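Examination of the molecular architecture
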Amino acid sequence: MGKAQKKTGKGRLDKYYKLAKEQGYRARSAFKLIQLNKKYSFLESARCCIDLCAAPGGWLQVASKYMPANSLIVGVDLVPIKPIPRVSTFAADITTSHCRNLLRGELKDWKADVVLHDGAPNVGTAWVQDAYSQSELVLMSLKLAVEFLAKGGTFVTKVFRSVDYNNLIWVFSQLFGKVEATKPPSSRNVSAEIFVVCRDFHAPKQVDPKFLDPKHVFKDLAVSASTDKGSNSANAQLNVFQPEKKRRKRDGYEDGNYTLFKSVGVSEFVRSSDPVSILGSVNQMTFDTDEEKQWASLDITSADVKVNLDDLKVLGKGDFKALLRWRTKLREDIGLEGKAEEDDDGNEEVVEIANVDEEQQIQDELERLNAEATARSKRDRRKANEVRQRTIQRMQLQMTAPMDIGLDQRDSVLAGDEDIFDLGEAERDMRRNGAARFARGDAVETDEDEDELPSGEGSEEVLDSEDELEKRTRALEDDIDDLYSAYRERLAERDAKFKVKEARKKDKVREEEWHGIGAAQDSGEDDSEEEQEGGWDKVQNSKVQDENSSSDEDSSDEDKEPPSIGHKRARLLGDDANRRKKARLVTDLGAMAHNSRATDLWFSQDVFSGAGDVANIEDSEEDEDQGMLSIGGDSISSGSNMPETPTEDEDDFEVVPQEPDDATMWDADDKNEDEVKQALVKSRGLLTAEAVTLAQQLVNRQKTKTELLNDGFTRYSLNSKEDLPAWFLDDESKYYKANIPVTKEAIAALRAKQRALDARPIKKIAEAKARKKFKAAQKLERALRKAEGITQTDELTEREKAKQVEKLLHKGLSKGKKKEVELVVAKGAHKGIKGRPKGVKGRYTMVDARMKKEVRAKKRKEKENKKRRRV
Ligand SMILES: C[S@@+](CC[C@H](N)C(=O)[O-])C[C@H]1O[C@@H](n2cnc3c(N)ncnc32)[C@H](O)[C@@H]1O
């Protein structure tokens, strides 16, 4: 992750600020529009653009630069905008009908191809007027966009990640074909703003006013806020059990909490009935109170536990498990676990806890050490990977030579921070390796004073335990899976083709899963009109239907009516929940899947998946463009108190592209490949030597059908793919293939086919030849018709008739006169001209004047030579 960008002091005068100054843009935000346009190219083809909230005019300058000449560009803002060539501007509040009328007056009967909105309340000078919140302002701008946009038009708006975010995106998706949220590089990381580019405006004849009414659009937030707790807790749980997968913050920031960093006392975690949620939702746990400090000094609270509690966001699954184990032990120590069970089952449980036998303790301790060792080795591997990655990057940028790699990794040694021959380091390495081996299940020789590793006996016991072995194997498998998905992500970043392939796969999966609300509602003819117009209630109903259908799902039987899309989606979500349930968890997460179902349904909509592809969004106190360049007297003063005010830590939100389930992907691949191959064979015949060999053998009766079938049962066929890791299946599909013999004849046949293909004239020549043939046939036909007329006339003698017919047929069969080519000497007026010389008609060739003279001179010389020889 790069350095956090500063929004204050000199930090805000960044490269885009300087670039804006250099290139004469009035605000650094101009680069945001440039970058958005670079990605989506909406300005080049636009003839009319409206910029809402345009002051001081940076976006207007960009629009005027990138849009075709003579385009109509109109800018509106609360404050007047200094004139810009080719742009009309006026001051108005975009939330008023006055502004609407002014825009109508400017546009006359034109429709806009692009509507831009970069507005932010409280950053202008008109404090009293801009009382609207950001989300409401966005909705107001959408209202204007809906009125003025042409069909297929583009609406670009700035939104902030807040609780309203998803509702806004949902509304956009009802009105536009494509909705994508993006954060251009020039938008500061510390700003919570993102830009939503809505393309392909549906231009419905009528829009239900509820779509544009803040009261309706943001209404179910209040309801969902309370129910959202379930989803928050689900997210928190996922943070713990799949910490590698960074989740997008779909539901925006918690109400009233715009700082991302959260710290709680350890006792909250220890006493909580839902410790996993706490682990997943806070950054740090501290030992503050006297009681907590006492816990910190206990033996079970190892240094690792303290370090882990200090920064929970960097922990892996193993670390979280270790913390949960530590909590259990602590609760046992302080009698909490006993008390809780006492309540349920009476005093017997306390006795049981007191009788935890020694063996169990050793077992627990081993588990803990095991987890620690795995976590450590994981961290080391991650670090090593990062270093390697950085080195490769530097090599790609030609900042370093390959020989530097070793040196790079030991920078600290070179800097003198460490001793090259540091025995301590070597010892630590040995220990690490030992721990790693232990984690792998190899026999470990332990040091006497190595207090982290268990005694030989203990470890053997662990190795003997099947459970333990299985756990380790699973952990290893998880590691490899993680590494593989990281590898695929890297591949996707580097290889554009791979990315496109993956995207196509995802698109297909999505298309199969989701056919849109319109399709689901397509029940009768009467509905069509309403569908086109898109009624709020209708969509809301469909949402409710979806939810109902998902809740009824369990009770409903299979052979009902054809399943609706809602059912389909609900089933998919159900599968998803099941999958999550199946994951190896310490705690039962069944309830979590149930709680978040409604939320899942809502956010699982196709459009949210595209819209979520946003870079990290950070908290910030204000809109980042408050510090615009000062232009004359029009400088915009800095404001504050944005309602959605995120800050600090960027690491919390990272985009993790959601990959489809690997195993099914593999299967689906096979099916598609097969279909594609079959289609190819149909259109082009057999393409491989293996296929031709088999075909020849079948035709020549060298192979019977039964033999062919039997040949299909090899060690390569019918291998079960169940439970195999994705990386393995991917690899197998590439390399684990039967080596089918081919014959010389098959190869010769393929080559001959290829040669024939190569020898075929290209399409244009073939067409020209066919045209010529057709014309010749027509000509002959005409001649024959005329000849027939001549033979039937009585006015001519037989001799005359024969002569004329002969003439006609000769003409009909002749290929026509060869067009003569005129030679034009390139001298005088024709010297050095390009194109057709004046006064020349038909075909011509330019010839060099010099050539004529030289030919004459040559002839003359030959003549003279002949004469001399005779003499
Ligand atoms: C970030 S600035 C726009 C910068 C502009 N895109 C540029 O490149 O120069 C936000 C603007 O929104 C304007 N604004 C806020 N509320 C408004 C409203 N209700 N009507 C019109 N403009 C508004 C502010 O006056 C401010 O100039």
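Residues numbered from 1 in each chain as written. Predicted model: local features only at pLDDT ≥ 70, side-chain atom pairs only at ≥ 80, totals over all residues. Heavy atoms only, no water.

1. Quick notes on the overall build of the chain
Helix and strand content of the chain: 37 helices and 11 strands. For the chain, buried positions account for 38% of its 871 residues. Put simply, 67% of the contacts in the chain that link residues at least 6 apart link residues at least 24 apart. Roughly 53,300 Å² of accessible area belongs to the chain as shown, and the carbon and sulfur atoms make up 51% of that amount. (Helix = DSSP H or I, 4+ residues; strand = E, 2+ residues; numbered from the N terminus. Buried < 20%, exposed > 50% of the residue type's maximum accessible area, 1.4 Å probe, protein only. Contact = heavy atoms within 4.5 Å. Areas by Shrake-Rupley, 256 points an atom, 1.4 Å probe, with all protein chains shown as cover.)

2. Let's talk about the packing of aromatic side chains
The geometry of an aromatic ring pair is captured by two quantities: the separation of the ring centres and the angle between the planes. For the structure on display, the rule yields 10 aromatic pairs. Aromatic side chains Phe176 and Phe201 sit 5.1 Å apart centroid to centroid with 45 degrees between the ring planes, which places their arrangement in the tilted category. Here Phe201 lies in strand β7 (residues 193–201) and Phe176 lies in strand β6 (residues 176–182), a separation of 25 residues in the sequence. For Phe176, a relative accessible area of 2% puts it in the buried group. Of the aromatic side chains, those joined through ring pairs into one cluster are Phe155, Phe172, Phe176 and Phe201. (Phe/Tyr/Trp six-rings, centres within 6.5 Å; stacked < 30°, edge-to-face > 60°.)

3. Examining the sheet that holds β7
Read across the open sheet, the seven strands follow the order β3-β2-β1-β4-β5-β7-β6; overall the sheet is mixed. Strands at the two margins of the open sheet, each flanked by one partner only, are β3 (87–91) and β6. Each neighbouring strand pair of the sheet contributes to a mean axis angle of 15 degrees, computed without reference to strand direction. Here strand β1 (residues 48–52) runs beside strand β2 (residues 72–77); their pairing, made up of five bridges, is parallel. Note on β2: the bridge partner recorded for Cys48 is Leu72. Against the sheet, helix α4 (residues 97–107) contacts β1, β2, β3 and β4 (112–117), and its axis sits at roughly 165 degrees relative to β2. Strands β5 (149–160), β6 and β7 of the sheet are contacted by helix α6 (residues 165–175), whose axis makes an angle of about 145 degrees with β6. (Pairing = 2+ DSSP bridges. Axes fitted to C-alpha atoms, helices over the stretch in contact; angles between N-to-C directions.)

4. Focus: helix α13 (residues 317–333)
An ideal rise of 1.5 Å per residue puts 24 Å on 17 residues; α13 measures up with 24 Å between its terminal C-alpha atoms. The element α13 is largely enclosed, with a buried count of 12 among its 17 residues. Of the residues making up α13, those classed as buried are Lys317, Asp319, Phe320, Ala322, Leu323, Leu324, Arg325, Trp326, Arg327, Lys329, Leu330 and Arg331. One or two residues past the end of α13 sits Gly335, with phi positive at roughly 80 degrees. (Expected span 1.5 Å × (residues − 1).)

5. Quick look at helix α12 (residues 303–310)
Inspection of α12 places Val305, Asn308 and Leu309 among the buried residues, and these make up the whole buried set. End-on, the buried residues of α12 take up no more than an arc of 100 degrees, which puts them together on one face. Relative to its buried face, α12 has exposed residues pointing more than 90 degrees away, namely Ala303 and Val307. (Arc of directions from axis to C-beta.)

6. A closer look at a nonpolar patch on the surface
On the surface, Leu476, Ile480 and Trp727 cluster together to form a nonpolar patch covering roughly 230 Å² of accessible area. Structurally, the position occupied by Leu476 is in helix α21 (residues 466–494). Under the relative-accessibility criterion, Leu476 is labelled partly exposed at 39%. (Patch = residues over 30% accessible without salt bridge, like charges linked within 9 Å, V, L, I, M, F, W, Y side chains within 5 Å. Salt bridge = Lys/Arg side-chain N within 4 Å of Asp/Glu carboxyl O.)

7. Concerning the packing of α12 against α13
Two elements in contact, α12 and α13, have axes separated by 10 Å at closest approach and are oriented at 115 degrees. It follows that α12 is roughly perpendicular to α13 by the angle criterion. Our pair here, α12 against α13, has a crossing hand that is left-handed. The residues of α13 that touch α12, namely those facing Val305, Asn308 and Leu309, are Asp319, Leu323 and Trp326. By residue class, the composition of the contact of α12 with α13 is four nonpolar, one polar and one charged. (Parallel < 35°, antiparallel > 145°, perpendicular 65-115°, else oblique. Left-handed = near helix turned anticlockwise from the far one by under 90°. Nonpolar A, V, L, I, M, F, W, Y, C, P; charged D, E, K, R; others polar.)

8. Some details on the nonpolar core
For soluble globular proteins, nonpolar side chains are generally found buried alongside one another. If you look at the biggest cluster of nonpolar residues, it comprises 44 residues, and the most contacted ones within it are Leu103, Leu142, Phe155, Phe172 and Phe176. Top contributing element to this core by residue count: helix α5 (residues 134–148), with eight residues. Membership of the second largest hydrophobic core comes to 30 residues, among which are Leu33, Val62, Ala63 and Val114. (Core = buried A, V, L, I, M, F, W, Y, C linked by side-chain atoms within 4.5 Å.)

9. Quick notes on the pattern of salt bridges
This model, assessed by the stated rule, comprises 18 salt bridges. Note that Arg199 and Glu180 form a salt bridge whose closest N and O atoms lie 3.0 Å from each other. Taken together, the residues Arg199 in strand β7 and Glu180 in strand β6 connect sequence positions 19 residues apart. A residue is classified by how much of its surface remains accessible, and Glu180, at 28% relative accessible area, is partly exposed. Between Asp479 and Arg381 there is a salt bridge, and its shortest N-O distance comes to 3.2 Å. On the criterion of sequence distance, the pair formed by Asp479 in helix α21 and Arg381 in helix α16 (residues 358–396) is long-range, its members being 98 residues apart. Classification of Arg381 as partly exposed rests on a relative accessible area of 34%. One salt-bridge network, in which partners are shared between bridges, spans Lys32, Asp118, Lys158 and Glu193.

10. Some points on unusual backbone geometry
The step from Ala55 to Pro56 runs through a cis peptide bond, and the omega angle for that step is 5 degrees. Along the polypeptide, Pro56 turns up in the loop between β1 and α3 (58–66). The phi torsion at Lys108 lies on the positive side, around 55 degrees, for a residue other than glycine. Tracing the sequence through the fold places Lys108 in the loop between α4 and β4. Residue Lys108 is classed as exposed on the basis of its relative accessible area of 56%.

11. A word on the pairing of β2
Taken residue by residue, a regular strand's side chains alternate between the two faces of the sheet. With six of its six residues buried, β2 lies for the most part within the structure. Neither face of β2 is open: one carries Leu72, Val74 and Val76, the other Ile73, Gly75 and Asp77, and all of them are buried. As a crossover connection, the stretch from β1 through α3 into β2 is right-handed. Pairing of β2 with β3 involves five bridges; the strand directions are parallel. Within β3, the position partnered with Ile73 by the bridge is Val87. (Right-handed = clockwise from strand over helix to strand, strands pointing away.)

12. So, a negative patch on the surface
Residues Glu477, Asp481, Glu722 and Asp723 make up a contiguous surface patch of negative charge. With respect to the secondary-structure elements, Asp481 resides in helix α21. (Lys, Arg positive; Asp, Glu negative; His and termini not counted. Charge placed at Lys NZ, Arg CZ, Asp CG, Glu CD.)

13. Digging into the confidence of the model for the chain
On average, the chain scores 70 in pLDDT, and the residues at 70 or more come to 62%. Taken together, the stretch residues 246–259 has pLDDT below 50 and engages in 54 contacts with residues farther than four places along the chain or on a different chain. Counting contacts from residues 339–354, a segment whose pLDDT is below 50, to residues more than four positions away or on other chains yields nine contacts. Predicted complex metrics record ipTM = 0.99 and pTM = 0.36. (pLDDT = per-residue confidence, 0-100.)

14. A look at the environment of Tyr736
Along the polypeptide, Tyr736 turns up in the loop between α33 (726–735) and α34 (744–759). Once residues lying within four places of it in the same chain are set aside, the contact partners of Tyr736 are Arg715, Tyr716, Asn719 and Asp731.

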